[in-house]
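Chain and residue survey
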Amino acid sequence: MQRTRIKICGLTRPQDVQAAVAAGADALGFVFYAKSPRYVTAAQAGALMSAVPPFVSTVALFVNASIDEVRAVAAVAPFAQLQFHGDETVEQCAAIAAAVGKPFMRVLRVRPETSGADLLAEEALCRAASPLFSGLLLDTFVDAYGGAGKVFDWGVIPAGLAPRVVLSGGLTVDSVAGAVRQVRPYAVDISSGVEQAKGIKDGAKIDAFAAAVRMADREG
Ligand SMILES: O=C(O)c1ccccc1NCC(=O)[C@H](O)[C@H](O)COP(=O)(O)O
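An unreviewed UniProt entry lists the protein chain under the name N-(5'-phosphoribosyl)anthranilate isomerase, from Massilia rubra. As stated in UniProt under Catalytic activity (unreviewed entry), the record for the protein chain gives "N-(5-phospho-beta-D-ribosyl)anthranilate = 1-(2-carboxyphenylamino)-1-deoxy-D-ribulose 5-phosphate". The UniProt entry for the protein chain carries the following text under Pathway (unreviewed entry): "Amino-acid biosynthesis; L-tryptophan biosynthesis; L-tryptophan from chorismate: step 3/5."

Brief notes about the site of the ligand
Around the ligand there are 25 residues in total, and S36, R38, D139, D189 and S192 lie nearest to it. Between the ligand and S36 there is a distance of 2.7 Å, counted from an oxygen atom to a side-chain nitrogen or oxygen. When atoms are counted within 2 Å of each cavity's grid points, the one that captures over half of the ligand is the largest pocket. Residues of the shell around the ligand, tallied by class, amount to 9 nonpolar, 11 polar and 5 charged.

Focus: the nonpolar core
Buried together is how nonpolar side chains tend to be arranged in soluble globular proteins. Membership of the largest hydrophobic core comes to 63 residues, with the highest contact counts inside it found for I8, I157 and F209. Per-element accounting of this core gives the leading share, 6 residues, to helix α7 (residues 203-218). Beyond its immediate sequence surroundings of up to four residues, I8 is in contact with A20, A25, A27, L28, G29, I190, V194, I206 and F209. Core analysis: the second largest hydrophobic core is formed by 7 residues, A27, M105, L137 and A187 among them.

Looking at the packing of aromatic side chains
Per the stated rule, a full pass over the model turns up 5 aromatic pairs. Here F32 and F62 contribute two aromatic rings whose centre-to-centre distance is 5.3 Å and whose plane-to-plane angle is 20 degrees, an arrangement assigned as stacked. Taken together, the residues span a long stretch of sequence, with F32 in the loop between β2 (27-31) and α2 (42-49) and F62 in strand β3 (residues 57-62) at a distance of 30 residues. Each of the two residues, F32 as well as F62, counts as buried. Taken together, a centroid distance of 5.7 Å and an interplanar angle of 55 degrees make the contact between F104 and F133 tilted. Here F133 lies in strand β6 (residues 133-140) and F104 lies in strand β5 (residues 104-110), a separation of 29 residues in the sequence.

Observations concerning the environment of S168
Positionally, S168 belongs in the loop between β7 (166-167) and α6 (176-183). Those residues in contact with S168, other than ones at most four positions away along the chain, are L137, L138, D139, F152 and D189. Within the local environment of S168, its side chain forms a polar contact with the side chain of D189, the two groups lying 2.6 Å apart.

Overview of the pattern of salt bridges
Across all of its chains, the model carries 11 salt bridges by this definition. A salt bridge links D87 to R109, with the nearest nitrogen and oxygen atoms 3.3 Å apart. One end of the pair, D87, is in the loop between β4 (81-84) and α4 (90-100); the other, R109, is in strand β5, with 22 residues separating them in the sequence. Across the pair R106 and E122 runs a salt bridge, and its minimum N-O distance is 2.7 Å. Here R106 is found in strand β5, whereas its partner E122 is found in helix α5 (residues 116-129), with 16 residues between them in sequence. When its relative accessible area of 9% is taken as the criterion, R106 is described as buried. Salt bridges sharing partners connect three or more residues here, namely R38, E195 and K201.

Cut-offs used in this document
- Residue numbers here run from 1 along each chain, matching the order of that chain's written sequence.
- Totals for whole chains, interfaces and linings use every residue, but because this is a predicted model, local features are given only for residues with pLDDT of at least 70 and side-chain atom pairs only at 80 or more, for both listing and counting.
- Processing note: side-chain calculations cover all non-hydrogen atoms of the structure and skip hydrogens and water entirely.
- UniProt positions are given in the numbering used here, feature names are shortened, and annotations may be inferred rather than shown by experiment.
- Whether a residue is near a molecule or strand depends on its heavy atoms: it is near if one of them lies within 4 Å of it.
- Between N or O atoms, a polar contact is any pair within 3.5 Å; within protein, one atom must be a potential hydrogen donor and the other a potential acceptor, and residues adjacent in sequence are included only when both atoms are from side chains.
- A 1.4 Å probe that fits into a set of points on a 1 Å grid over the protein atoms alone but cannot get out defines a cavity; an open set with protein on both sides within 12 Å along at least five of seven lines defines a pocket, and lining residues are those with an atom within 4 Å of a point.
- More than half of a molecule's atoms lying within 2 Å of a cavity's or pocket's grid points is what places that molecule inside it.
- Following the grouping adopted for this structure description, the nonpolar residues are Ala, Val, Leu, Ile, Met, Phe, Trp, Tyr, Cys and Pro, the charged ones are Asp, Glu, Lys and Arg, and the polar ones are all others, Gly among them.
- Think of a nonpolar core as a cluster: buried Ala, Val, Leu, Ile, Met, Phe, Trp, Tyr and Cys residues, connected wherever their side-chain atoms sit within 4.5 Å.
- To sort residues, take the accessible area from a 1.4 Å probe on protein chains only and compare it with the maximum for the residue type: under 20% means buried, over 50% means exposed, and anything in between is partly exposed.
- Every helix listed is a DSSP run of H or I at least four residues long, and every strand listed is a run of E at least two residues long, numbered separately from the N terminus.
- What makes two residues a contact is simply this: any of their non-hydrogen atoms within 4.5 Å.
- Stacked, edge-to-face and tilted are the three classes for Phe, Tyr and Trp ring pairs, Trp counted by its six-membered ring, which pair at centre distances within 6.5 Å; planes under 30 degrees apart are stacked, over 60 edge-to-face, the rest tilted.
- The working definition used for a salt bridge is a side-chain nitrogen of Lys or Arg within 4 Å of a carboxyl oxygen of Asp or Glu.

Set out below in structure tokens:
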């Protein structure tokens, strides 16, 4: 049975990075969107990332950033991959990824009218646009772009696509096992559901989230 990967996003403190790593997170997300309550500067992220051990990926998350903005972060914070969470075109994602030489996840923010065909078409477009495209992260459409704790209808995800997507959007300790059993995604991603306050993670919730994912994997 494929192990469901885990991304913990919106990390701002060393103790939260340590808690996520200790819980077995496969990826850690750092938000470079100044309007987010989880925003970190390049220097802050560089310090946080320096404590991340081998084999745990670091994800730099941007919303409508320019190439120069991304380059400036890359010069200071050694992230392994990009996550584009705004209104970027596929071409803009591909160009920025090529400029910094990093793979990227493209975020599709799912609306009520979004169809499975839309998801498959977006993936095909991204794959055709860049060899650096690593996969879709599916989140719920919100005006604030992300980190909103809102769930979308997982039923929209085609079974053939599920093993290649990161499932995100309003997951919680209590809902993630059901999400894994229903969708069987490549990975799950969470931010608000493992927090005490915005940007302040809760180590016990991170542990419980990871345990719930492992339990669902064992039931697979
Ligand atoms: O986390 C944020 O504050 C944020 C702000 C703007 C764009 C994206 C943001 N987070 C991106 C993520 O990958 C979150 O983990 C994802 O949106 C899920 O968040 P949540 O629903 O709170 O679990």
